[in-house]
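Given next are the chains, with one letter for each unit.
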Amino acid sequence: MLVQVMHRSARPSRRGFTAIEALITVVIVGIVLAIGVPSMLDWIIIQRVKASAAEVVTDVRFARGEAIKRNVRVGMSFETVAGTQTCYAIHTQYPNEPNPCRCSKGAGKSCDVSVDEFHDTLVELKTVSLPVSASVGMTASRNIRFAASTGIPEPNALVFRVDFDGQGARQLRVVANTVGRAMVCAPSGSKIAGYPAC
């Protein structure tokens, strides 16, 4: 007859982690986060700069197209509100008309004017705001108007540009030439790759 012998372990089986294993895991996770978070934040700001520059290029094309389509002068008015935002409004603009559209009033309200003679002629087409909290600054060299039916910038002797600064060397520039064609380029010292030099 066979005798079965059962061996009992002197130690009970362990389940879970020891305090040292948990501590080592926390340290490793901390090191990975310390290395990865700054790189991730840098990447996010670079993406915001790229997206902002691409949107301005698209909006320059949109404003030109609207001037031709509507057969009226269309303007892009830029404004900086200290400490809160930079913004621009795209709007219709008739000859000899001052520019009462202010993007700082907010989308849908940029061209609310009290001057009766301009009230029916101003049409807000789009308003874009870039809050300071986005960590991207926007500076335009001037406001720009596109001529009715041709879409040529007025005055066309001046080159129009908008600079985007994501703090440090995270910079891009949008340049519109004398016929209103816009492109993105990288100014000297920019660390954003993939764009021609300005």
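Please refer to the structure placed before this passage.
Residues numbered from 1 in each chain as written. Predicted model: local features only at pLDDT ≥ 70, side-chain atom pairs only at ≥ 80, totals over all residues. Heavy atoms only, no water.

**Student:** Account for the environment of Ser141, with residues named and values stated.
**Tutor:** Within the secondary structure layout, Ser141 lies in the loop between strand E4 (137–140) and strand E5 (144–146). Classification of Ser141 by relative accessible area gives partly exposed; the value is 44%. In this structure, the C-alpha to C-alpha distance between Ser141 and Val159, residues 18 residues apart in sequence, is 8.7 Å. In this structure, Ser141 is in contact with Val159, Phe160 and Arg161, ignoring residues within four places of it in sequence. (Helix = DSSP H or I, 4+ residues; strand = E, 2+ residues; numbered from the N terminus. Buried < 20%, exposed > 50% of the residue type's maximum accessible area, 1.4 Å probe, protein only. Contact = heavy atoms within 4.5 Å.)

**Student:** So what's going on with unusual backbone geometry? Residues and values would help.
**Tutor:** Apart from glycine, the bulk of residues carry a negative phi angle, and the bulk of peptide bonds sit in the trans form. The residue Asn71 is not glycine, and still its phi comes out positive at about 60°. One can find Asn71 in the loop between helix H1 (19–70) and strand E1 (74–81). Here the phi dihedral of Gln167 falls at roughly 65°; this positive angle occurs in a residue that is not glycine. Looking at where Gln167 falls in the secondary structure, it is placed in the loop between strand E7 (160–165) and strand E8 (171–176). Take Gln167: its relative accessible area is 46%, and that puts it in the partly exposed class.

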